[in-house]
Amino acid sequence: MNPFTDEYFMKQALVEARQAALEGEVPVGAVVVCNNKIIARAHNQTERLNDPTAHAEMLALTAATGVLGAKYLPECTLYVTVEPCIMCAGAIGWAQVSTIVYGASDEKRGFSLFAPKAMHPKAVVKKGILETECAAEMISFFKKKR
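Since we're looking at a predicted model, the values are computed, not measured.

Observations concerning the overall build of the protein chain
- For the protein chain, the helix and strand inventory stands at 6 helices and 5 strands.
- Ordering the α and β elements of the protein chain from the N terminus gives α-β-β-α-α-β-α-β-α-β-α.
- Since a compact globule built from 146 residues should have a radius of gyration of about 15 Å, the 14 Å found for the protein chain is in line with a globular shape.
- In terms of overall dimensions, the protein chain has C-alpha extents of about 40 × 35 × 25 Å along its principal axes.
- Classification of the 146 residues of the protein chain by burial places 46% in the buried group.
- Within the protein chain, counting contacts between residues at least 6 apart in sequence, those at least 24 apart form 60% of the total.
- A total accessible area of about 8,100 Å² is found for the protein chain, and carbon and sulfur atoms account for 55% of it.
- Where the 16 positive side-chain charges of the protein chain centre and where its 15 negative ones centre are 1 Å apart.

Things to note about helix α1 (residues 6-22)
- Taking 1.5 Å per residue as the helical rise, α1 with its 17 residues ought to reach 24 Å, and the 24 Å between its terminal C-alpha atoms agrees with that figure.
- Among all positions in α1, only Asp-6, Phe-9, Met-10, Gln-12, Ala-13, Leu-14, Glu-16, Ala-17 and Ala-20 are buried.
- Residues of α1 that are buried in the fold lie against β1 (29-34), β2 (37-43), β3 (76-82), β4 (99-104), β5 (124-127) and α6 (131-145).
- Once α1 finishes, Gly-24 follows within two positions and takes phi at roughly 80 degrees, a positive value.

Focus on a nonpolar patch on the surface
- A cluster of nonpolar side chains, Ile-86, Leu-113 and Phe-114, forms an exposed patch at the surface whose accessible area comes to about 310 Å².
- Looking at the element boundaries, Leu-113 is found in helix α5 (residues 111-114).
- Residue class for Leu-113 comes out exposed when judged on its relative accessible area of 55%.

Examining the pairing of β1
- Taken across its 6 residues, β1 has 6 buried, putting it largely inside the fold.
- Taking every second residue as pointing to the same face, both faces of β1 are buried, with Gly-29, Val-31 and Val-33 on one and Ala-30, Val-32 and Cys-34 on the other.
- Relative to β2, β1 runs antiparallel, the two sharing 6 bridges. Residue pairing in the sheet places Val-32 in a bridge with Ala-40 of β2.
- Hairpin connection, β1 to β2: the antiparallel pair is bridged by 2 residues, and Asn-35 has positive phi, about 55 degrees.

Observations regarding the UniProt feature "domain: CMP/dCMP-type deaminase" (unreviewed entry) in the protein chain
- Per the UniProt record, the feature "domain: CMP/dCMP-type deaminase" (unreviewed entry) sits at residues 4-114.
- Structurally, residues 4-114 is divided into 42% helix and 23% strand, and its ends, taken at the C-alpha atoms, are 32 Å apart.

Points about the side chain of His-43
- If you trace the backbone, His-43 turns up in strand β2.
- The class for His-43 is buried, based on a relative accessible area of 8%.
- Polar contacts involving the side chain of His-43 include one to the side chain of Glu-16, which spans 2.8 Å.

Rules behind the numbers
Residues numbered from 1 in each chain as written. Predicted model: local features only at pLDDT ≥ 70, side-chain atom pairs only at ≥ 80, totals over all residues. Heavy atoms only, no water. Helix = DSSP H or I, 4+ residues; strand = E, 2+ residues; numbered from the N terminus. Rg over C-alpha atoms; globule rule 2.2 N^0.38 Å. Buried < 20%, exposed > 50% of the residue type's maximum accessible area, 1.4 Å probe, protein only. Contact = heavy atoms within 4.5 Å. Areas by Shrake-Rupley, 256 points an atom, 1.4 Å probe, with all protein chains shown as cover. Lys, Arg positive; Asp, Glu negative; His and termini not counted. Charge placed at Lys NZ, Arg CZ, Asp CG, Glu CD. Expected span 1.5 Å × (residues − 1). Patch = residues over 30% accessible without salt bridge, like charges linked within 9 Å, V, L, I, M, F, W, Y side chains within 5 Å. Salt bridge = Lys/Arg side-chain N within 4 Å of Asp/Glu carboxyl O. Pairing = 2+ DSSP bridges. UniProt positions renumbered as here; feature names shortened; annotations may be inferred. Polar contact = N/O pair within 3.5 Å; in protein donor to acceptor, adjacent residues only side chain to side chain.

Structure below.
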């Protein structure tokens, strides 16, 4: 039996999301997987870096391209705890990531509402993996903020 499932990798993204929350960042985590191996992991760092583009997905893509020494990631899967925003979806599309897996949907800022064609045309998008756990991180974080 293959231990490397969508749930396994999403749990790794959740580890990153929880680290973001500990650092006072919006709890979004991401991992990039190639050949069943995590090659990059990241969490939101917009506050730490004072950079509105320092989303988990953007940082994970940058790290993954560095590991592979290539600007395209057609053999990779991106796991992210929350549906990517328009900016991240554009970057994911340009990087030609073949599969995007996310947990919780984002009805306010998610790409599927505003830019459903942002991903590469051949990309597969899977949603709702560990959705309850991913959403709970966001709900808990914002409950503490308010």
